[in-house]
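Examination of the molecular architecture
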Amino acid sequence: MDAKISRRDILAKAALLGAGAFVGKFAVSSAEASDEEPLAKTWPWPYVKLDPAETAEIAYKQWYNLGCGGTVMFSIFDQLAKKVGEPYKSFPVESFAIFEGGIASWGTTCGSVNGASVVVSLIVGPPTWEDRTHTVVSDTFNWYSHANMPIYVPKDPQANKDSIEHTVSNSPLCHVSVSKWMKKADKALGSPERKDRCARVSASVAYKVVQYLNRIHDEKEIAEHPVWTGGKEVGTTAQYNCADCHGKNVPKAPGFVKK
């Protein structure tokens, strides 16, 4: 996987993934894997510990090429492609640029936590496996919703060089998260400041995901927050903050800057 991505390479990189073996607790032996089965189908995928700060810096820089979701995946998978090899080397991370803007700019779940969910599912394993994937993803959503974002400070920020506004979204939704920040910062969606903010948020999420993965690798406890489940609490898939969008406090974004 190249350090700098060209979207034109996406089709060329979407080849069948080679067969191979995993190592350690997250792995199956080569004897157990079918010769006819692509390595990507043996699940979960192999993992070696990564540096959260280095990962966050990669994510910040790549955000300007891949958007929120693609950059979180790239920041982790590109390193693992170099350290582990397949299935990461052939994985078409570029295709997940579609997560940007809450998936095709629809403002649904923030692309960064969407990307994080894919990473965790592939590396940690099926949700039925001790429920660790479900727990980590839910924990990530909960942390994202309550964190004073953005957290990570890049080495060479593209904007907001002297200071940056911070907001708590109380929601994993892109629309809510971005709009609250835009209102407080008084910056338009297309402004360099808003883009820098979202790049920092994605870097913050990448940092957090690697912390989780490293803890799992070291067989340490992973849950930091009580897992809130809409199905148990209210009997349907839901969030706990309905009034943020279905009330009178919906943030109104600033208008576009006229040139």
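Everything discussed here concerns the structure shown above.
So, here is what we can say about the structure in this document. (Residues numbered from 1 in each chain as written. Predicted model: local features only at pLDDT ≥ 70, side-chain atom pairs only at ≥ 80, totals over all residues. Heavy atoms only, no water.)

1. Quick word on the overall build of the chain
Counting its secondary structure elements, the chain contains seven helices and zero strands. Taken as a whole, the chain presents about 13400 Å² of accessible surface, with 53% of it coming from carbon and sulfur. (Helix = DSSP H or I, 4+ residues; strand = E, 2+ residues; numbered from the N terminus. Areas by Shrake-Rupley, 256 points an atom, 1.4 Å probe, with all protein chains shown as cover.)

2. Focus: the side chain of Glu57
On the secondary structure map, Glu57 appears in helix H2 (residues 52-83). Lacking a salt bridge, the buried Glu57 has Lys61 as its closest oppositely charged neighbour, with an N-O distance of 4.3 Å. With residues near it in sequence (within four places) discarded, Glu57 still touches Tyr152, Pro154, Lys155 and Asp156. (Buried < 20%, exposed > 50% of the residue type's maximum accessible area, 1.4 Å probe, protein only. Lys, Arg positive; Asp, Glu negative; His and termini not counted. Salt bridge = Lys/Arg side-chain N within 4 Å of Asp/Glu carboxyl O. Contact = heavy atoms within 4.5 Å.)

3. Some details on the environment of Val178
You can see Val178 is positioned in helix H5 (residues 174-185). On the basis of relative accessible area, Val178 is assigned to the buried category, the value being 9%. Between the C-alpha atoms of Val178 and Gly107, which are 71 residues apart in sequence, the distance is 8.8 Å.

4. Section: the pattern of salt bridges
Going through the model one piece at a time under the given rule, you end up with five salt bridges. For Asp156, the salt bridge identified is with Lys161, shortest N-O distance 3.9 Å. Residue classification places Asp156 among the exposed positions, given a relative accessible area of 53%. The closest approach of N and O atoms between Arg200 and Asp196, which form a salt bridge, is 2.8 Å.

5. Some points on H5
Between the first and last C-alpha of H5 there are 16 Å, a value that for 12 residues agrees with the 16 Å anticipated at 1.5 Å per step. Among the 12 residues of H5, nine are classified as buried, and the element is accordingly described as predominantly covered. The complete set of buried residues in H5 reads Cys174, Val176, Ser177, Val178, Ser179, Lys180, Trp181, Met182 and Ala185. Among the structural elements, helix H4 (132-146) and helix H6 (192-217) are those in contact with the buried residues of H5. (Expected span 1.5 Å × (residues − 1).)

6. Considerations on the state of the cysteines
The final tally for this structure, using the stated rule, is zero disulfides. The thiol of Cys174 is not disulfide-bonded; the next cysteine sulfur, from Cys110, is found 5.8 Å away. Owing to a relative accessible area of 13%, Cys174 belongs among the buried residues under this scheme. This cysteine, Cys198, is not joined by any disulfide, and Cys68 carries the nearest cysteine sulfur, 5.1 Å off. (Disulfide = S-S within 2.5 Å.)

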